Each structure stands twice: as structure tokens, then as C-alpha cells.
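# Examining the three-dimensional arrangement
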There are 2 protein chains.
Amino acid sequence: MTTIIAIDIGGTQLRAAVYTHDQAEPLVVKKIKTQAEEPNAFGRLVRLIEDVFPKDGKVDAVGLSSPGPIDPYAGVIMTTPNIKEWRDFPITEKLMAHFNVPCFLDNDANLACLAEWKFGAGRGHHNVLYFTISTGGGGGVIINDQLLQGHHGLAAELGHTTLQADGPLCGCGQRGHLESFSSGTGIERYVAEQLAAGRASSLERGKKNSAREISSAATEGDALSIEAYQIAGKYLGIGIANFLHAFDPSIVIFGGGVTQSRALWLDTFHASLKERVIHPKYLEGLVITTVALGDDSGLLGSRALAEMKLQK
Amino acid sequence: MTTIIAIDIGGTQLRAAVYTHDQAEPLVVKKIKTQAEEPNAFGRLVRLIEDVFPKDGKVDAVGLSSPGPIDPYAGVIMTTPNIKEWRDFPITEKLMAHFNVPCFLDNDANLACLAEWKFGAGRGHHNVLYFTISTGGGGGVIINDQLLQGHHGLAAELGHTTLQADGPLCGCGQRGHLESFSSGTGIERYVAEQLAAGRASSLERGKKNSAREISSAATEGDALSIEAYQIAGKYLGIGIANFLHAFDPSIVIFGGGVTQSRALWLDTFHASLKERVIHPKYLEGLVITTVALGDDSGLLGSRALAEMKLQK
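Read on for a plain summary of the structure. Keep in mind the model is a prediction, meaning the values are calculated, not measured. (Residues numbered from 1 in each chain as written. Chains lettered and ligands numbered in written order. Predicted model: local features only at pLDDT ≥ 70, side-chain atom pairs only at ≥ 80, totals over all residues. Heavy atoms only, no water.)

### Some details on the pattern of salt bridges
Within the structure shown, the criterion is met by 20 salt bridges over all chains. Measuring nitrogen to oxygen at the nearest pair gives 3.0 Å for the salt bridge that ties A:Lys30 to A:Asp51. One end of the pair, A:Lys30, is in strand E3 (residues 28–33); the other, A:Asp51, is in helix H1 (residues 41–52), and 21 residues separate them in sequence. You can call A:Lys30 partly exposed: its relative accessible area is 32%. Here A:Asp51 falls in the partly exposed class, since its relative accessible area comes to 46%. B:Lys281 serves as the salt-bridge partner of A:Asp71, at 2.6 Å between the closest nitrogen and oxygen. Of this pair, A:Asp71 sits in strand E5 (residues 70–71) while B:Lys281 sits in the loop between helix H8 (266–276) and strand E13 (287–290), on two different chains. Exposure class is identical for A:Asp71 and B:Lys281. Each is buried. Members of the salt-bridge network, linked through shared partners, are A:Lys118, A:Arg303 and A:Glu307. (Salt bridge = Lys/Arg side-chain N within 4 Å of Asp/Glu carboxyl O. Helix = DSSP H or I, 4+ residues; strand = E, 2+ residues; numbered from the N terminus. Buried < 20%, exposed > 50% of the residue type's maximum accessible area, 1.4 Å probe, protein only.)

So, in C-alpha cells, the structure goes:
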């Protein structure tokens with residue numbers, strides 16, 4: 001029986017869970033806040049792991065999920081948005097030194113993909129494309145039952161692929177990325193530009209309207225807000241067509257907060273995808289769905305990563 | 001000792017070679033023209049294979065390379081530009097029925113990639129991106145020492161990924177694909193548009209200038225021709241940046257006729273790639289090179305495919 005400690009370094013919570021290989025549910029889960037008054041986030045992480053560590057001392061591996069960019073081979077968090085003190089931070093090496101257990105790290109989008117493939121919407125598929133649409137956009141890919149990591153561990157950064165070389169600015173500083181169109185930030189940017197240009201809308205002018213507020217306004221019939229989500233859906237279709245041509249998966253799984261507003265963009269997305277695919281065969285039997293796992297997808301991804309690495 | 005018959009269905013030649021597993025050079029190679037007066041291309045292919053078939057009758061597998069689209073799992077050529085009579089043609093099934101030997105098929109770009117990885121510029125690399133720039137643009141990808149084929153066998157159609165959603169028409173009927181900018185056809189299209197708009201140039205007006213003629217004019221200092229190749233290089237940089245973000249390879253291998261004019265686009269390509277990559281780590285140790293194999297790359301790819309399938 002394999003025992004895994006899974007860690008999810010999230011935006012608001014640091015979570016730890018203990019899984020055994022033959023059980024779907026964790027033996028124990030513990031959460032603390034990611035951000036604290038005092039520094040030493042690593043010390044808090046160590047205490048969190050100690051709190052869940054099995055009394056018999058038997059742990060085969062620790063898996064960690066963190067927002068990127070990270071280096072999964074070196075086990076280094078290059079930067080992570082919510083813990084500023086971790087820069088080029090060799091987290092797996094430091095945890096291994098403390099706990100004397102193999103530790104494995106990958107980024108949150110890759111591990112959400114791995115979790116959906118192993119435990120969620122992607123079960124039984126061998127080629128999976130996962131795309132999360134929230135503040136930003138992130139991807140994960142399974143090819144022939146293997147997580148796509150790439151030479152430097154930086155593969156599947158799908159939000160940052162160019163769809164319009166002279167397009168709008170992305171959060172990363174580049175232009176025309178999928179994320180700059182089809183993310184909460186992209187939707188907010190479009191609405192702000194149109195309001196500034198004097199476009200009629202029920203939205204408040206002179207303040208930042210959130211993707212959620214724009215979604216509410218769209219549901220109440222505001223034409224600008226409806227259009228903003230439709231544009232996001234159109235470019236999502238162009239982006240996913242690119243990914244079908246590149247990876248040719250049998251399932252596309254959408255995650256992230258913007259999927260909750262999918263009634264506003266799904267039709268436009270489907271029309272755009274169908275228009276942009278170069279051969280109808282890409283769509284034959286293609287499943288397009290949303291994530292099946294909830295809040296514990298990060299923990300399950302960390303668990304799956306550790307199990308995958310132990311098998312190698 | 002494994003004996004493989006490798007077939008390359010090229011634009012001008014149908015070629016067959018016999019390889020044994022312990023020899024780099026083929027035992028025998030035979031070529032005929034792809035197109036003939038009489039129909040029955042399959043009959044001519046069968047005779048070609050019979051001509052090279054070892055006298056002892058011992059063949060372990062036949063590998064075939066064909067321009068796409070093809071279905072590698074069903075062994076079906078959906079259409080191929082130079083043999084019009086082959087439509088949804090179950091070529092491996094028909095060959096197996098005739099020769100009673102396992103037959104395997106994949107498209108020419110995938111197999112050129114496989115050949116370069118196994119025998120050419122990509123040896124020793126585990127994650128390879130191959131892109132051929134000729135009349136069109138085509139891709140092949142190796143991930144963790146495996147050829148990327150995808151669920152329907154249609155992966156790595158990298159020439160047909162969108163870089164500019166409202167961009168120029170591509171040969172496939174879509175807009176703004178990498179191929180519509182960075183291929184012989186894309187270069188010719190740009191020059192034709194500019195000449196039609198009255199742009200000064202040493203190129204002849206009112207006729208179709210080939211990519212080769214434009215290359216010659218550029219070498220002699222024609223500003224429009226130079227610009228046409230630089231634009232191709234710029235969009236190639238944007239496209240390859242997308243592929244680094246998606247696949248994160250350790251080597252990029254360029255093939256195809258337009259690489260012969262690379263002095264005209266390589267600087268612009270490198271500048272564009274560097275500008276568009278979202279993290280400098282993608283470029284760390286990245287090898288960017290051209291193909292090492294010559295004319296027999298299609299044969300070597302077919303050989304490598306057959307050897308790969310026999311090992312599974």
C-alpha cells in the first residue's frame with residue numbers, strides 16, 4: 001500500500017491531504033491560509049505536513065501543486081503569485097532534506113489536467129486537452145496516457161499562444177494571446193475599452209467591471225456584455241482549433257471560473273471551433289466538457305503526480 | 001535480424017528500399033515515377049515492392065510515408081495530392097492482403113521528423129519539433145521519444161495553426177495560418193499583393209513570381225523581395241514561439257526548400273522568436289538547426305515507423 005501526501009499551494013489556501021493507493025478519499029485533509037502576517041511560508045508548510053504526517057511515519061512520496069512558472073525536474077518554484085518570498089525556491093529539495101521522502105512538483109494547470117484524466121472527466125481517454133479559463137488561461141495535456149511536461153518542464157502554456165499577432169496586450173506583456181481574449185481579464189479589458197470609447201451599456205462607467213458583473217449584465221440583456229462573452233467564445237474556438245491541430249485529443253475539458261458563465265459563450269465557441277477546424281475528422285467523437293472534480297482537484301493532481309513518478 | 005521494406009510516396013517519385021535492422025544503408029533502392037499515363041497506381045506500387053522483395057521472402061514489416069491527410073491507425077490514405085485515384089484508400093490493408101506482412105502508414109512530415117530524430121539532426125534529443133517550409137508548411141513532434149500522432153492520427157498539423165485570426169487566406173481555405181505567412185506560397189502571395197498595389201520592385205509584374213525567383217531578387221537587393229522573406233521569418237518566429245509554449249522541445253529542426261533561402265529570413269526569425277517567447281528558459285540550450293538527412297529522409301522515416309511499431 002502506497003501512502004502519498006498531496007499538497008495544493010492555492011491562491012487562498014495551503015492544503016495537505018494523505019492518500020493511500022487503494023482509497024479514493026483522503027485519510028485526512030488540513031488547510032491553512034496561504035498568506036500570513038509573518039514570513040517563513042516554508043516553515044508553515046513544514047508544520048502543515050507534520051500535522052498530517054501518518055503516525056507510523058510511512059510516506060512513499062509527497063506531491064506538490066503550485067501556480068507557475070515552476071521547474072518540475074529541479075523541483076523549483078521560479079515565482080508564484082501568492083508567496084512572494086519564494087523566488088527560485090528549491091521546494092522539493094528542502095522538503096526532502098526535512099522529511100527524507102521523495103517530493104515531486106508540477107504546476108497547477110498540468111496537475112488539474114492529470115487529476116481530471118485519472119479521477120475525473122477524462123477517465124478512459126488517452127489524449128486529453130485541459131484548458132482553464134479564469135483570471136488567466138492555462139493548459140494541461142495528456143498524450144498517450146502521459147503528462148506533457150517538455151524539455152524544461154514548461155510545456156502546455158496554452159494561454160500564452162498567439163492567435164492575433166497584433167492583438168490586445170496580454171497580462172504577460174505579449175500581444176494577442178488566447179488569454180488576452182478568452183479569460184476573465186480579457187473580457188474585462190474588452191468591456192473597459194468599449195466603455196471608454198463611449199459604447200452604450202448598463203454597466204457602470206469609470207470603474208472596473210469584473211467578469212462576474214459583466215456576466216450578470218449579459219444575463220440581464222446588456223448588449224455590450226453579451227458581445228464581450230461572445231468574443232471570448234470566438235477566440236476560444238480559434239485557440240482550441242489550434243490545439244486540436246497540434247495535439248488531436250479525444251476530449252477537451254474546460255475548467256476555471258469563466259466556465260460558470262458558459263451559457264454566454266458556448267454557442268459562439270462551438271460555431272468558431274467548427275469553422276476553424278481544417279478537417280471534420282478532428283471533431284469525430286470529440287468530447288467537449290467541463291471538469292468533474294471540485295476543490296480537491298489540486299490535491300488529486302498532486303497525488304496522481306506522486307503516484308506517476310513512483311511508478312517510473 | 002529485422003528486415004523492413006520502406007516506401008516513400010513522393011510528389012515525383014515512388015521509392016522503395018530494403019533495410020535490415022543492423023545496417024544504416026539500404027540493401028537495395030528502387031524508384032519509379034509517382035504519376036503514370038495508365039491508372040492503377042496500386043498495381044505499380046505492388047510491382048515496385050515485388051521488385052525489391054528479398055529472395056528469401058523474409059520481411060518483417062512495410063512502412064509507408066505519404067503526404068496527408070492520412071489515417072495512420074486504419075492505414076488509410078484519405079487524399080494525397082499526386083495520386084488522385086487514392087481517396088479513402090485502405091493501402092495497408094490491401095498491401096497486407098497481397099504480401100501477408102504487417103504494414104504501417106504515416107504522413108510525410110511526421111515521418112521526416114521521426115527520421116531526423118532517429119538518424120539525423122535530432123539524435124539524442126527526447127523532445128523534437130520539426131517544421132518543413134516548402135510550398136506549404138508541415139510539422140512533426142517527438143515527445144519523450146515518442147512520435148506524436150493524436151487520437152485520430154491527425155496531430156502536429158502545425159502549418160495550419162492560426163497566428164492572425166483575420167490574416168491572409170491559407171491554401172486550406174482558412175485565414176492567418178502559419179503556412180499562409182511562412183511558406184513558399186505565403187511569400188509568393190505577399191509579393192503578388194504588393195505588386196498589384198503598385199509597389200516598386202525588380203520583379204516582373206503581371207506574372208506569378210515563384211519563391212525561388214523572389215529569393216534571387218532579394219539576393220540582388222530588391223527591397224520588396226527582401227521584405228517578403230523577412231515577414232515570413234517574423235511569423236515563423238511567432239509560430240515557433242507558440243510551439244515552444246505548447247511542446248517545449250530541446251531542438252527545432254527546419255526542413256523544406258525554403259530553408260535554402262534561410263540567409264534571407266533567419267535573423268528576422270530569431271529576433272521574432274526571442275521577442276515572442278514568454279520566458280527565456282524556453283531558449284536555454286535550445287538547438288535550432290536544419291535537417292541532416294537528404295532525399296532518403298522519407299525512406300528512413302518509413303523504416304523508423306515500421307521498427308517502432310514492431311517494438312510495441
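### As for the sheet that holds strand E2 (residues 13–20) of chain A
All names here are of chain A. Read from one edge of the open sheet, five strands run E3-E2-E1-E4-E8, paired in mixed fashion. Edge strands, defined here as strands with exactly one partner in the open sheet, are E3 and strand E8 (103–107). Mean inter-strand twist for the sheet, computed between neighbouring axes without regard to direction, equals 15 degrees. Across the sheet, H1 is in contact with strand E1 (3–9), E2, E3 and strand E4 (61–66); its angle to E3 comes to roughly 160 degrees. Contacts from helix H9 (residues 297–311) reach E1, E2, E3, E4 and E8 within the one sheet, and its direction differs from that of E1 by about 135 degrees. (Pairing = 2+ DSSP bridges. Axes fitted to C-alpha atoms, helices over the stretch in contact; angles between N-to-C directions. Contact = heavy atoms within 4.5 Å.)

### Focus: the pairing of strand E1 (residues 3–9) of chain B
Side chains on a regular strand alternate between the two faces of the sheet. All names here are of chain B. Burial analysis of E1 places seven of its seven residues in the buried class, which makes it a mostly covered element. Along E1, one buried face is formed by Thr-3, Ile-5, Ile-7 and Ile-9 and the opposite face, lined by Ile-4, Ala-6 and Asp-8, is buried too. Looking at chain direction, E1 and strand E2 (residues 13–20) are connected through seven bridges and run antiparallel. Within E2, the position partnered with Asp-8 by the bridge is Arg-15. Counted between consecutive antiparallel strands, the loop separating E1 from E2 contains three residues.

### What to know about the interface of chain B and chain A
On the side of chain A, 46 residues touch chain B, which itself brings 46 residues to the contact. When the two sides are added together, the surface that chain B and chain A hide from each other amounts to roughly 3800 Å², 50% of it contributed by carbon and sulfur. Three residues, B:His152, B:Arg276 and B:Lys281, lead the burial of chain B against chain A; their summed loss comes to 16% of the area buried on that side. Where chain B packs against chain A, one counts two salt bridges. Joining chain B to chain A, the criterion identifies 42 residue pairs in polar contact (both at pLDDT 80 or more). Breaking the side of chain B that touches chain A down by element, the ones donating at least two residues are helix H7 (223–247) and H8 of chain B. Among the elements that take part in the side of chain B that touches chain A, H7(B) stands out by supplying six residues, more than any other. A breakdown of the residues in the side of chain B that touches chain A according to their chemical character gives 19 nonpolar, 18 polar and nine charged. (Buried area = accessible area lost by both parts, 1.4 Å probe. Polar contact = N/O pair within 3.5 Å; in protein donor to acceptor, adjacent residues only side chain to side chain. Nonpolar A, V, L, I, M, F, W, Y, C, P; charged D, E, K, R; others polar.)

### Topic: helix H9 (residues 297–311) of chain B
Here H9(B) contains 15 residues, and its C-alpha end-to-end distance of 21 Å stays within 8% of the 21 Å for a straight helix at 1.5 Å per residue. Among the residues making up H9(B), those that are buried are B:Ser297, B:Gly298, B:Leu299, B:Leu300, B:Gly301, B:Ser302, B:Arg303, B:Ala304, B:Leu305, B:Ala306, B:Glu307 and B:Met308. (Expected span 1.5 Å × (residues − 1).)

### Some details on the side chain of B:Ser66
Residues and elements named next belong to chain B. Within the secondary structure, Ser-66 is located in strand E4 (residues 61–66). On the basis of relative accessibility, which here comes to 0%, the residue Ser-66 falls in the buried class. Other than its neighbours up to four places away in sequence, Ser-66 contacts Ile-9, Ile-77, Thr-80, Leu-105, Asp-106, Asn-107 and Asp-108.

### Here's the deal with the packing of aromatic side chains
Scanning the entire structure with this criterion turns up 17 aromatic pairs over all chains. For the ring pair B:Phe181 and B:Tyr235, a centre distance of 3.7 Å and an interplane angle of 5 degrees mean the geometry is stacked. Remark: B:Tyr235 occurs in helix H7 and B:Phe181 occurs in helix H4 (residues 178–181); sequence separation between them is 54 residues. With respect to class, B:Phe181 is no different from B:Tyr235; both count as buried. Site record: aromatic cluster; members linked through ring pairs are A:Phe42, A:Trp86 and A:Phe89. Sitting over the ring of B:Phe42, B:Lys94 keeps its end group 5.4 Å from the ring centre. (Phe/Tyr/Trp six-rings, centres within 6.5 Å; stacked < 30°, edge-to-face > 60°. Lys NZ or Arg CZ within 6 Å of the ring centre and 35° of its normal.)

### Regarding the nonpolar core
Of all hydrophobic cores here, the largest spans 90 residues; its most connected members are A:Ile240, A:Phe247, B:Ile240 and B:Phe247. Apart from residues no more than four positions distant in its own chain, A:Phe247 is found in contact with A:Leu129, A:Val141, A:Ile143, A:Leu148, A:Leu158, B:Leu148, B:Gly150, B:Ala155, B:Ala246 and B:Phe247. (Core = buried A, V, L, I, M, F, W, Y, C linked by side-chain atoms within 4.5 Å.)

### A word on unusual backbone geometry
With omega at 0 degrees, the peptide bond leading from A:Gly68 into A:Pro69 counts as cis. The residue A:Pro69 is located in the loop between E4 and E5 in this model. Positive phi, close to 65 degrees, is recorded for A:Ala156, a residue that is not glycine. Relative to the elements of secondary structure, A:Ala156 occurs in the loop between strand E11 (146–147) and helix H4 (178–181). The buried category is assigned to A:Ala156, whose relative accessible area is 2%. A positive phi is found at B:Asp88, a non-glycine position, where the angle reads about 45 degrees.

### Some thoughts on the state of the cysteines
Residue and element names in this part refer to chain A. Taken as a whole and assessed by the stated rule, the structure comprises zero disulfides over all chains. Free of any disulfide, Cys-172 has its nearest neighbouring cysteine sulfur in Cys-170, separated by 3.8 Å. We classify Cys-172 as partly exposed; its relative accessible area is 34%. (Disulfide = S-S within 2.5 Å.)

### Considering helix H5 (residues 184–196) of chain B
Residue and element names in this part refer to chain B. Its 13 residues give H5 an end-to-end C-alpha distance of 18 Å, which sits within 8% of 18 Å, the value for a rise of 1.5 Å per residue. Three or more residues of H5 are buried, namely Gly-184, Gly-186, Ile-187, Glu-188, Arg-189, Tyr-190, Val-191, Gln-194 and Leu-195. Elements that come into contact with the buried residues of H5 comprise H4, helix H6 (211–219) and H7. Backbone geometry just after H5 places Gly-198 at a positive phi near 95 degrees.

All quantities given are derived from atomic positions and should not be read as evidence of function.
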